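Letter by letter, the chains look like this.
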Amino acid sequence: MDGSNSLAMRDVEYHLHSQTDLRAHERDGPQIISRGDGCWVIDDGGRRYLEAMAGLWNTALGFSESRLADAADAQMRKLPYYHTFYHKTPDVCIDLAEKLVKMAPAPMSKAYFTNSGSEANDSAVKLVWYLNHARGRPEKRKIIARRRGFHGVTGVAASMTGIPRMHVDFGLPLPGFLHVTCPHLYRDGRPGESEAAFADRLAAEIEDLILAEGPDTVAAFIAEPVMGAGGVVVPPAGYFEKVQAVLRRHDVLMIADEVICGFGRTGNMWGSETFGIEPDILTCSKALSSGYFPIAAVLLSEAIYAEIADNSARHGGFGHGFTGSGHPVGSAVALETIRIIEERDLVGHVREVGPRLMDGLRELGAHPLVGEVRGVGLIAALELVADKATGAPFDPKLKVGGLAQDLALEEGLIVRALGDSVAVTPPLVISAEEVDELLARLGRTLEATAARLGA
Ligand SMILES: Cc1ncc(COP(=O)(O)O)c(C=O)c1O
């Protein structure tokens, strides 16, 4: 880090980072990003990087969509803030609620707004708890999630998250949050187990857990269609169908966490469409505003809404809400984002460039370091392994994924190491040429990683 008053020094001095080794940060300093240009970001030294993670899986329209800047600017000047408490609402929030309800992958009745995906998932759980109180069965409140699932970092959302690092020394998960096996055949399948047998086994595990806990204590199951932060895990064929049959038998609600998958990422507007999920409650964020404004939504079915509404009437109000719920600027940016996704048929575009990305990754899968290539649409990962034949992982202490992530940066490519899986989720607007560029840089990264490991 140069200069005592440099940006980097001031970052270390004043800024507490998210998801960062804070002592390593004091030593190494930040990577400062100053500008965006399509699928590229530019650091404070002027170096360009192909942003193959779309920021945090969210910048669907890339980093320089002027229509979103214009939508925010116009809304800021017209009505910069209003809230949704006590019957009030910004006008534009109504348009967004209607749009989301009408475009939902299953019949939905209402949209509820929050500032973040974590708050959306937190709110979804509170809605379920409130609902079961209203139904006279307050003890039906346990939530089942999956190991390696990521649902956010607020107390409740982190409790549903199945990644130990999000729990350790926070005293989490809270009681009543249960975790079942991750649907990752490559890692969690038994030797010789077929996809179908694996899906059967995982559905049976959920049923056994519900029966052991008592169906009258289990309220909901939450799942990402494709797990993101857990390492990009695409479930085995038939998984959600089998799981939902179990949930229906025991009156357990299905919450689809579409925070990453929503708005085209998997090659359909919703991950629920790609995987046959029929959610009772759906949460979404990220691509909803292409990351340009913090906003998220919870969509809920009429059956759930009706009882929540009755209960709120009994109590003289629904005791939940954020200052930023239904923020007019977020609503305007989200509406414009969805308009662009539809006008430019970005879902169709993902179906065109997604296979190009997957084919290219499969070619890179021949590399001795790569144990598995997985993905769908424009969300994918390469899992790096110590032994390609057996799939034996590297010693986690070697941080091989982290090494690849750092070496990618030297190639001008931003990817993300999730353990030793290297994730790739570029903006949905990525062109075919940029997909090729991404693959070329990733190929060089694999070579550089192998060379470093060999050295
Ligand atoms: C699937 C999923 N759900 C929820 C969240 C939490 O969203 P936020 O960071 O906006 O709170 C994330 C964030 O990455 C996510 O990937």
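Here the structure is a predicted model, which is why all the values come from computation and not from measurement.

Caption draft 1: Seen up close, the side chain of Arg-265. Note on placement: Arg-265 falls in the loop between strand E8 (253-257) and helix H11 (271-275). For the buried residue Arg-265, which engages in no salt bridge, the nearest side chain bearing the opposite charge is Glu-51, 8.9 Å off. One polar contact links the side chain of Arg-265 to the main-chain carbonyl oxygen of Leu-378, over a distance of 2.7 Å. Among the polar contacts listed, one links the side chain of Arg-265 to the backbone oxygen of Pro-426, at a separation of 2.6 Å. Excluding residues within four positions of it along the chain, Arg-265 makes contact with Ala-54, Trp-57, Ile-260, Val-350, Val-376, Gly-377, Leu-378, Ile-379, Thr-425, Pro-426, Pro-427 and Leu-428.

Caption draft 2: Quick look at the environment of Lys-399. Checked against the element boundaries, Lys-399 lands in the loop between strand E12 (379-384) and helix H15 (400-410). Given a relative accessible area of 59%, Lys-399 falls into the exposed group. Separated by 18 residues in the primary sequence, Lys-399 and Ala-417 have C-alpha atoms spaced 9.1 Å apart.

Caption draft 3: Representation of the sheet that holds strand E15 (residues 421-424) within the structure. Within the open sheet, the four strands sit side by side as E11-E12-E15-E14. Their pairing is antiparallel. Every other strand in the sheet has two partners, leaving strand E11 (370-376) and strand E14 (416-418) as the edge strands with one partner each. Taking the axes of each pair of neighbouring strands and ignoring which way they run, one obtains an average angle of 25° across the sheet. Bridging between E14 and E15 involves three bridges; their strand directions are antiparallel. Along E15, the bridge assignment pairs Arg-416 with Ala-423. Contacting E11, E12 and E15, helix H14 (residues 346-364) crosses the sheet at an angle of about 175° to E11. With respect to the sheet, H15 is in contact with E12, E14 and E15, its orientation differing from that of E14 by roughly 175°.

Caption draft 4: Representation of the sheet that holds strand E3 (residues 48-51) within the structure. Strand order in the open sheet made by the four strands is E1-E2-E3-E13, with mixed pairing throughout. Two strands bound the open sheet, and with one partner strand each, they are strand E1 (33-37) and strand E13 (413-414). In this sheet, E3 lies alongside strand E2 (residues 40-43) in antiparallel orientation, the contact comprising three bridges. Along E3, the bridge assignment pairs Ile-42 with Arg-48.

Caption draft 5: Seen up close, the site of the ligand. What surrounds the ligand is the set Ser-116, Gly-117, Ser-118, Asn-121, Phe-150, His-151, Gly-152, Glu-224, Asp-257, Val-259, Ile-260 and Lys-286. At 2.5 Å from an oxygen atom of the ligand is found a side-chain nitrogen or oxygen belonging to Ser-118. A distance of 2.8 Å is found between an oxygen atom of the ligand and a side-chain nitrogen or oxygen belonging to Lys-286. For the ligand, the protein covers 82% of the area, taking 390 Å² as the surface of the free molecule. Per-element tally for the shell around the ligand: the top contributor is helix H6 (residues 117-134), with three residues. Class assignment for the residues of the shell around the ligand results in three nonpolar, six polar and three charged.

Definitions and cut-offs
Residues numbered from 1 in each chain as written. Predicted model: local features only at pLDDT ≥ 70, side-chain atom pairs only at ≥ 80, totals over all residues. Heavy atoms only, no water. Helix = DSSP H or I, 4+ residues; strand = E, 2+ residues; numbered from the N terminus. Buried < 20%, exposed > 50% of the residue type's maximum accessible area, 1.4 Å probe, protein only. Lys, Arg positive; Asp, Glu negative; His and termini not counted. Salt bridge = Lys/Arg side-chain N within 4 Å of Asp/Glu carboxyl O. Polar contact = N/O pair within 3.5 Å; in protein donor to acceptor, adjacent residues only side chain to side chain. Contact = heavy atoms within 4.5 Å. Pairing = 2+ DSSP bridges. Axes fitted to C-alpha atoms, helices over the stretch in contact; angles between N-to-C directions. Near = heavy atom within 4 Å. Areas by Shrake-Rupley, 256 points an atom, 1.4 Å probe, with all protein chains shown as cover. Nonpolar A, V, L, I, M, F, W, Y, C, P; charged D, E, K, R; others polar.

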